[in-house]
Amino acid sequence: QVQLVESGGGLVQAGGSLRLSCAASGRTFSSYAMGWFRQAPGKERDFVAAINWSGSNTYYADSVKGRFTISRDNAKNTVYLQMNSLKPEDTAVYYCATNRNPYTEGHSWSTNDYWGQGTQVTVSS
């Protein structure tokens, strides 16, 4: 049974930084792409960043490029999202996800993949 547990959310002032973590369990972590998504109140869940199964490629939404960095530590079965220069519009619940199938780039995501419960990030102006 695959489980994803996010942590690291909180309240931060605009311009500040946070690092989110997502601990995975239940299968071989290093074989699967990982991603971060976010959902603001009244809005759809949006893609933020992804890292492919090998860690060699990363992908970002235009809105976070240059400010956020996704990384993975296979020894710790954990994926991270370092968020710098935070803006009030970054306020959302952030979700970690992993593809159901192995050896993917992390380009395609659906409700059939595995998702965490989310962690709240609030950026004050």
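Structure's up top.
Residues numbered from 1 in each chain as written. Predicted model: local features only at pLDDT ≥ 70, side-chain atom pairs only at ≥ 80, totals over all residues. Heavy atoms only, no water.

Q: Describe the packing of aromatic side chains, and please don't skip the residues or the numbers.
A: Tallying each qualifying case throughout the model produces four aromatic pairs. Here phenylalanine 37 and phenylalanine 47 contribute two aromatic rings whose centre-to-centre distance is 5.7 Å and whose plane-to-plane angle is 75°, an arrangement assigned as edge-to-face. Placement of the pair is phenylalanine 37 in strand E4 (residues 34-39) and phenylalanine 47 in strand E5 (residues 46-51), with a sequence separation of ten residues. Since its relative accessible area comes to 6%, phenylalanine 37 is described here as buried. You can call phenylalanine 47 partly exposed: its relative accessible area is 29%. These aromatic residues form a ring-pair network of at least three members: Phe37, Phe47, Trp109 and Trp115. Over the face of the ring belonging to phenylalanine 29 we find arginine 72, whose NZ or CZ atom lies 4.5 Å from the ring centre. (Phe/Tyr/Trp six-rings, centres within 6.5 Å; stacked < 30°, edge-to-face > 60°. Helix = DSSP H or I, 4+ residues; strand = E, 2+ residues; numbered from the N terminus. Buried < 20%, exposed > 50% of the residue type's maximum accessible area, 1.4 Å probe, protein only. Lys NZ or Arg CZ within 6 Å of the ring centre and 35° of its normal.)

Q: Describe the pattern of salt bridges, and please don't skip the residues or the numbers.
A: In total, this model carries three salt bridges according to the counting rule given. Between arginine 38 and aspartate 90 there is a salt bridge whose closest N-O contact spans 2.9 Å. Here aspartate 90 lies in the loop between strand E8 (78-83) and strand E9 (92-98) and arginine 38 lies in strand E4, a separation of 52 residues in the sequence. Residue aspartate 90 is classed as buried on the basis of its relative accessible area of 1%. Counted as one network, the salt bridges with shared partners bring together Arg38, Arg67 and Asp90. (Salt bridge = Lys/Arg side-chain N within 4 Å of Asp/Glu carboxyl O.)

Q: Break down the environment of threonine 58 for me, citing the residues and quoting the values.
A: Structurally, the position occupied by threonine 58 is in strand E6 (residues 58-60). Taking the C-alpha atoms as reference points, threonine 58 and lysine 76, 18 residues apart in sequence, are found 19 Å from one another. Setting aside residues up to four positions removed in sequence, threonine 58 forms contacts with Ala50, Ile51 and Ile70. (Contact = heavy atoms within 4.5 Å.)

Q: Break down the side chain of threonine 119 for me, with residues and values.
A: Note on placement: threonine 119 falls in strand E11 (residues 119-124). Residue classification places threonine 119 among the buried residues on the basis of a relative accessible area of 11%. Of the polar contacts made by the side chain of threonine 119, one reaches the backbone nitrogen of glycine 9; its length is 3.3 Å. Once residues lying within four places of it in the same chain are set aside, the contact partners of threonine 119 are Glu6, Ser7, Gly8, Gly9, Leu20, Ala92, Val93 and Tyr94. (Polar contact = N/O pair within 3.5 Å; in protein donor to acceptor, adjacent residues only side chain to side chain.)

The analysis is restricted to geometry; functional conclusions fall outside its scope.
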